[in-house]
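Single-letter residue listing:
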Amino acid sequence: MVQIFQPEPVVHSSLGLQALCQRLQNVATCDILELGPVRGGNIEFWSRFSPTMYIADLRSSLPMPPLPSEDTEFVEPEWDRLLGLPEGRTYDVILVWDLLNYLELQVVSSLVQYLKRFCRSGTILFALIFDQKQMPATITVYHIADESHLRYENARSEMCACPRHQPRAISGVMTRFRTSNSFRLRNGVVEYLFEYEGEV
Amino acid sequence: MWKKSESEESHPQPAPAPMPQPAAAPKPPVHQAREPQAVIGATISIKGDLLGEEDLLIEGRLEGKIESRRHSVTIGKNGRIKGDIYAKNITVEGTVEGNLYGEEQMIVRQSGTVRGNIIAPRVALEDGSNFKGSIDMSPKEKTAAAPSPDRPVIAKTT
């Protein structure tokens, strides 16, 4: 049964974002891969780090619903086509936001494997995992309010069942990434900073 | 092919001065403060490069490079461009497939769609705009330097 999402306070604390910004504080420039859609305020926020950003907008490319049913045979997504990332580039930061909640672990694993070629040792992957019974039916768009606050934008207010990916399960598919930071927030969101360790 | 925009044509002319001014201290008429803008209308299609030295508004279709490095280029809501754009300021309200090089700033309006890379020191993308590609806002020194694939990592381990 579809329930109507009651919007929580507009702005949420984000300790993950805060930790990420602290890491970037002393860098001259950085390369950021945004898997979400473009938002002017976010671009403006990141501009302080003199970045090169790549907007992949996977939200608009993914078939909806992105979470396939369990009896469907796994088909490797065409990440090349979906993301369109230029070859030969690597990024310091990958903003995944809440996308992983909408993918089966097998697909998460496939995505992580694909993204590795765009990582360098120390690349940070910022992801939000829902740990609650229900979650917004569509991938959320995040607006950065400031260095430690996010505003959630849900185009539709419907809710759906949450897969509740467990920390061990997530860590299991994030091979060659270590959990650098994780923050469990009161709104049922766990914010992760995964750090790429490079290939051995 | 190009025409003056309506806004320019309808700009009120300054009233004639009642008394002749001394030649030593001429003041430019008010209407010269704004540079004229060339317009490519919605029914125009062009295949080929477009080079200019004035502000430009494109409402039509163009396949090719647009270059007006010291002036502004605006792709209007009906504009469809396949090719790179080089200009001082670039505003996109229509659709562009190509790279955008803004000397000063780059704006993608809510109605705008860009598939390509943006290179400009100041970039504004309105919410609702459609964009896929990279944005390079780094200083020119970095942009000009050859990128090193194995440059040091910026993130520090905690």
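Predicted model only: the values in this text are computed from it and were never measured.

The subject of this paragraph is the overall build of chain A. A tally of regular secondary structure across chain A gives six helices and 11 strands. Of all 200 residues assigned to chain A, the portion counted as buried reaches 40%. Put simply, of all contacts in chain A between residues at least 6 apart along the chain, 69% involve residues at least 24 apart.

What follows deals with helix α1 (residues 15-24) of chain A. All of the buried residues in α1(A) are G16(A), L17(A), A19(A), L20(A), R23(A) and L24(A). For α1(A), the buried positions fall inside an angular range of 160° around the axis, keeping them on one side.

A few words on the interface of chain A and chain B. You'll often see interface size given as the accessible area lost when the parts meet. The partner chain B presents 23 residues to the 28 residues of chain A that form the contact. Mapped by element, the contributors of at least two residues to the side of chain A that touches chain B are α1, α2 (40-46), β3 (51-55) and β5 (119-130) of chain A. Here four bridges tie β3(A) to strand β15 (residues 130-136) of chain B, and the two strands are oriented antiparallel to one another. Across the sheet, residue T52(A) finds its bridge partner in β15(B), namely D136(B).

Residues and elements named next belong to chain A. For R120, the position within the fold is in strand β5. Residue R120 is classed as partly exposed on the basis of its C-beta count, with 19 C-beta atoms lying within 10 Å. In sequence terms R120 and E199 are 79 residues apart; their C-alpha atoms lie 9.2 Å from each other.

Residues and elements named next belong to chain B. The pLDDT averaged across chain B works out to 77; a share of 65% of its residues lies at or above 70. Here residues 1-32 is modelled with pLDDT under 50, and outside its nearest four sequence neighbours on either side it reaches 18 contacts, counting other chains as well. Predicted confidence for residues 142-158 stays below pLDDT 50, and this span has 21 contacts to residues more than four positions away or in other chains. As scored by the predictor, the complex reaches a pTM of 0.77 and an ipTM of 0.73.

Right, let's talk about the sheet that holds strand β7 (residues 141-146) of chain A for a bit. Residue and element names in this part refer to chain A. Taken in spatial order, the three strands of this open sheet run β1-β8-β7, and their pairing is antiparallel. The strands lining the two open edges of the sheet, one partner per strand, are β1 (11-13) and β7. Averaged over all neighbouring strand pairs, the angle between strand axes comes to 40°, with direction disregarded. In terms of strand pairing, β7 meets strand β8 (residues 149-153) through five bridges, oriented antiparallel.

All names here are of chain B. Where strand β4 (residues 50-51) meets strand β7 (residues 66-75), two bridges bridge the pair, whose relative direction is parallel. Within the sheet, the bridge partner assigned to L51 lies in β7 and is E67. Of the pairings in the sheet, the one linking β7 to strand β9 (residues 85-92) comprises seven bridges and is parallel in character. Bridge pairing links S68 to A87 in β9.

Thresholds applied
Residues numbered from 1 in each chain as written. Chains lettered and ligands numbered in written order. Predicted model: local features only at pLDDT ≥ 70, side-chain atom pairs only at ≥ 80, totals over all residues. Helix = DSSP H or I, 4+ residues; strand = E, 2+ residues; numbered from the N terminus. Buried ≥ 20, exposed ≤ 12 C-beta atoms within 10 Å, placed from the backbone. Contact = placed C-beta atoms within 7 Å. Arc of directions from axis to C-beta. Pairing = 2+ DSSP bridges. pLDDT = per-residue confidence, 0-100. Axes fitted to C-alpha atoms, helices over the stretch in contact; angles between N-to-C directions.

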